[in-house]
Amino acid sequence: MASDSLACPVCGSRGINFFAHARDAEYYTSHKMFDYRQCGDCGSVFLESPPVDQLRAIYPPNYYSYRAAQGSGSLLERVKSRLDSRLFKKLLGQITGDALNVLDVGGGSGWLLTLVRTASNRVKRTHEVDLDEGARSAAEAAGHVFHSSRIEDFSTAEKFDFILMLNLIEHVSDPRAVLSAMRQLLSPGGLILIKTPNVDTLDCRLFRNRNWGGFHCPRHFVLFNRQSLTSLAQRCGLKTVSVSYTQGAPQWGCSILGWMGLKGWIRISPERPLYTHKLYPVVCAFAAAFDLLRSPFMRTAQMFAIFRPDS
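From a predicted model like this one, the values you see are computed outputs, not experimental measurements. Numbers given for residues are sequential positions, taken from 1 along each chain in its written order. Given that the model is predicted, a residue must reach a pLDDT of at least 70 before its local features are reported, and side-chain atom pairs must reach 80 or more before they are shown or counted; all residues, however, enter totals for whole chains, interfaces and linings. The side-chain quantities take in all heavy atoms of the structure and omit both hydrogens and water.

(A) Molecular detail of the overall build of the protein. Secondary structure elements are taken from DSSP: a helix is a run of H or I of four residues or more, a strand is a run of E of two residues or more, and numbering for both begins at the N terminus. Within the protein, the regular secondary structure consists of 10 helices and 12 strands. Within these notes, the globule rule equals 2.2 Å times the number of residues to the 0.38 power, and the radius of gyration is based on C-alpha atoms. Taken over C-alpha atoms, the radius of gyration comes to 19 Å for the protein, in line with the 19 Å a tight globule of 311 residues would show. Counting only C-alpha atoms, the protein reaches 55 × 45 × 40 Å along its principal axes. Out of the 311 residues in the protein, the part that is buried amounts to 52%. Contact definition: two residues touch when any of their heavy atoms are within 4.5 Å. If you take every contact in the protein between residues at least 6 apart in sequence, the share linking residues at least 24 apart comes to 73%. All accessible areas in this document rest on Shrake-Rupley with a 1.4 Å probe, and a residue is counted as covered only by the protein chains that are shown. Here the protein displays about 14,300 Å² of accessible surface, and carbon together with sulfur accounts for 53% of that area. In this scheme, a residue with accessible area under 20% of its type's maximum is buried, one over 50% is exposed, and one in between is partly exposed, where area comes from a 1.4 Å probe on protein chains only.

(B) A look at the sheet that holds strand β8 (residues 160–166). An order of β7-β6-β5-β8-β9-β12-β11 is seen for the 7 strands of this open sheet, with the pairing classed as mixed. Two strands bound the open sheet, and with one partner strand each, they are β7 (145–148) and β11 (238–246). Along the sheet, successive strands turn relative to each other by an average axial angle of 15°, direction set aside. Pairing between strands requires that DSSP locate at least two bridges from one strand to the other. Where β8 lies against strand β9 (residues 186–197), 6 bridges are found, and the strand directions are parallel. Across the sheet, the residue bridging to Phe160 is Leu186, located in β9. Interaxial angle, 0 to 180 degrees, is taken between N-to-C directions of lines fitted to C-alpha atoms, where a helix line uses only the stretch in contact.

Pasting the structure below:
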């Protein structure tokens, strides 16, 4: 059933349809059932009434990105770091200049910025914007400039040659405002790299009505497909360089184990969130292999999109 009272946060259309019910099956920060809607025009999916005033509640102290120790983790994490480093080296090679300024939005302690810095000795200044004030000491110890802020509130006179927004844009209620702000911070020859879930994928179709992990409910406010993301970027003054698909093991892991937890087959609780369960790395390893095997002929769970200024 369409709703005339809602507007798509991506394209502004009012042709909105019900998409799915979901709840927090990862951290159990709320017992509330949330409604996700889909735009009939661009296909984006968004959370109705996102809890923007409850960020401290829905991002608990044991939230995975606050506690993850990057760089010395599982084999899957080490492989991912190598692939990320290879991608950063390739993209930095497309940017001219002897001293590059890099911004990571929502990257916690800045471990990705450290990876970017090792990918090119032309990276001279690295900035991190994140909500978690607890990440400041680690970020500054690694040599990064840390800004404790919502990206919607972030302001600086700096210009950046390379901006990372990895698994960030889906966490904001007004992605157009955020992407427009990033366009203003981008240097004329710079690049923006976005990684975000893809709603046009097999795992979404399978788990749409079973608490799909891509909802990361209620922390993912807006979800895209390829066309809706590139169209939004164009409206924000950005030109698409490329869009590619990559594995989305965490989405599969959260879909499968979240469903099992709600069935009562495994124990998930606020004290023992989903990502700490012993089955999580096992499921993710199999899911990553499955996504990589099907990637040549199917759209997988995550998208990488690269943009440059339109003029």
